[in-house]
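Single-letter residue listing:
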Amino acid sequence: MMDPMFRYFLGFQVAADRAGWLARQLPPVSGDLFAGLKPQLYHMTLCTIAETIEPQPFLSGQVAKAFAAGLPPASAIPFGTIVARDTGVELVTAGRIGGIRQAYDAIIARLATQGIDPMHRKSGLRPHITLGYGRAADFDPVPLAWTWTPRDLVLIESHVGHRRHRVLQRWTLDAPPQASFDFMADDLPTPMLRAA
């Protein structure tokens, strides 16, 4: 069986200005096998929906049909720390993620109406933004309090092994309920003090 050449996933892209800012928060990272990701590729994957040998030109229409009835509103994602993992460097969440988990569950339910099931995510959602791949030398976790509210859900075609992403479709999300959110909060990251 051949390895897949194309991976299709749904997620949230980090806007260019925020991606540049986030790249500047990454500590100096070394490691024989570590490679930083270009900021324009920063994203948070919700779920992979297909891995194939050849492009899937009809998948975009199938996903659009699943979302024809609408999508859940945007939800704030509370990020808190940059950490080194076995597979790379990530910005991970801190605190409650109930809102984004509810949005994820609603999106998965809509995909199921078209027979689309998420791959590789049997345990559910683990929100994070990958900043680089490969084994990095250990470094102390870097505190970074940033509450991000994505504005768009995107369907991305990834060219496996080439670090190329092509946005096939974009859906603008409604703002979260006013009582729980300020829609510009992600523009104002909160600095955290490091312990002495």
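Caption draft 1: Representation of the pairing of strand β6 (residues 128–133) in the model. Counting buried positions along β6 gives 5 out of 6 residues, so the element sits mostly inside the fold. Note: strand β2 (residues 35–36) against β6, 2 bridges, orientation antiparallel. Opposite A35, over in β6, you have Y133 as the bridge partner. Across 5 bridges, strand β5 (residues 88–93) lies against β6 in antiparallel orientation. The residue bridging E90 from the neighbouring strand is T130, located in β6.

Caption draft 2: Up close: the layout of surface pockets. Here the largest pocket defines a volume of roughly 680 Å³. Forming the boundary of the largest pocket are 32 residues, of which R7, H43, T45, T130 and Y133 lie nearest the centre. Among the elements of the structure, β1 (6–13), β3 (43–52), β5, β6 and β8 (152–159) are those that each provide at least two residues to the lining of the largest pocket. For the lining of the largest pocket, the element with the most residues is β3, which contributes 6 residues.

Caption draft 3: Highlighting the pairing of β5. Of all 6 residues in β5, 5 are buried, a share of seventy percent or more. Here 6 bridges tie strand β4 (residues 77–85) to β5, and the two strands are oriented antiparallel to one another. Among the inter-strand pairings, A84 is bridged to a residue of β5, identified as V89. The antiparallel pairing of β4 with β5 creates a hairpin that spans 2 residues between the two strands.

Caption draft 4: Highlighting the pattern of salt bridges. The tally for this structure, following the rule as stated, stands at 5 salt bridges. R126 is the salt-bridge partner of E90, the closest N and O atoms lying 3.0 Å from each other. Of this pair, E90 sits in strand β5 while R126 is found in the loop between α3 (98–112) and β6, placing the two residues 36 residues apart along the sequence. Between E157 and R166 there is a salt bridge, and its shortest N-O distance comes to 3.1 Å.

Caption draft 5: Spotlight on the confidence of the model for the protein. Put simply, the protein has an average pLDDT of 85, and 87% of its residues get 70 or more. For residues 190–196, every residue scores under 50 in pLDDT, and the model assigns this stretch 7 contacts once sequence neighbours within four places are set aside.

Caption draft 6: The arrangement of the sheet that holds β2 in detail. Reading across the sheet, the 5 strands line up as β2-β6-β5-β4-β7 and stay open at both edges, with antiparallel pairing between neighbours. Looking along the sheet, the strands with just one partner apiece sit at the ends: β2 and β7 (142–148). Across the sheet, helix α1 (residues 16–25) touches β4, β5, β6 and β7, and the angle it forms with β7 is around 165 degrees.

Caption draft 7: Structural context of the packing of aromatic side chains. Counted according to the given criterion, the structure contains 6 aromatic pairs. Ring pairs connect the aromatic residues F12, W21, F79, W146 and W148, which therefore count as one cluster.

Caption draft 8: Quick look at the side chain of E157. With respect to the helices and strands, E157 occurs in strand β8. Contact partners of E157, with chain neighbours within four places excluded, come to F6, R7, Y8, P55, R164, H165, R166 and L168.

Caption draft 9: Layout of empty space enclosed by the protein. For the structure on display, the rule yields 1 cavity of 30 Å³ or more. In terms of lining, the largest cavity is formed by F12, P72, P73, A74, S75, I100, A103, I107 and L173. The element best represented in the lining of the largest cavity is α3, accounting for 3 residues. Residue composition of the lining of the largest cavity, by class: 8 nonpolar, 1 polar and no charged.

So, how was this worked out
Think of each chain on its own: its residues are numbered from 1, step by step along the sequence as written. Only residues with pLDDT of at least 70 are given local features in this predicted model, and only at 80 or more are side-chain atom pairs given and counted; all residues enter the totals for whole chains, interfaces and linings. Hydrogens and water molecules were not included; the side-chain quantities draw on all heavy atoms of the structure. Relative accessibility decides the category of a residue: with a 1.4 Å probe and only protein chains considered, values under 20% of the type maximum give buried, values over 50% give exposed, and everything between is partly exposed. Where helices and strands are cited, they refer to DSSP runs of H or I of at least four residues and of E of at least two residues respectively, numbered from the N terminus. Pairs of strands are assigned from DSSP output, requiring at least two bridges between the strands. Only protein atoms enter the 1 Å grid used here. Points where a 1.4 Å probe fits but cannot escape make up a cavity, open sets with protein on both sides within 12 Å along at least five of seven lines make up a pocket, and a residue lines them when an atom lies within 4 Å of a point. Grid points are joined across faces, edges and corners, and a volume is the space filled by probe spheres set on the points. Whenever a carboxyl oxygen of Asp or Glu lies within 4 Å of a side-chain nitrogen of Lys or Arg, that contact is scored as a salt bridge. A residue's pLDDT is the confidence the predictor assigns to it, expressed on a 0 to 100 scale. Should any heavy atoms of two residues lie within 4.5 Å, those residues are considered in contact. All axes here are fitted lines through C-alpha atoms, helices being fitted over the stretch that makes contact, and every angle between N-to-C directions spans 0 to 180 degrees. Under the pairing criterion, centres of Phe, Tyr and Trp rings, with the six-membered ring standing for Trp, must be within 6.5 Å; the plane angle then separates stacked pairs below 30 degrees from edge-to-face pairs above 60, leaving the rest tilted. Side-chain classes follow a simple rule in which Ala, Val, Leu, Ile, Met, Phe, Trp, Tyr, Cys and Pro form the nonpolar group, Asp, Glu, Lys and Arg form the charged group, and the remainder, Gly included, forms the polar group.

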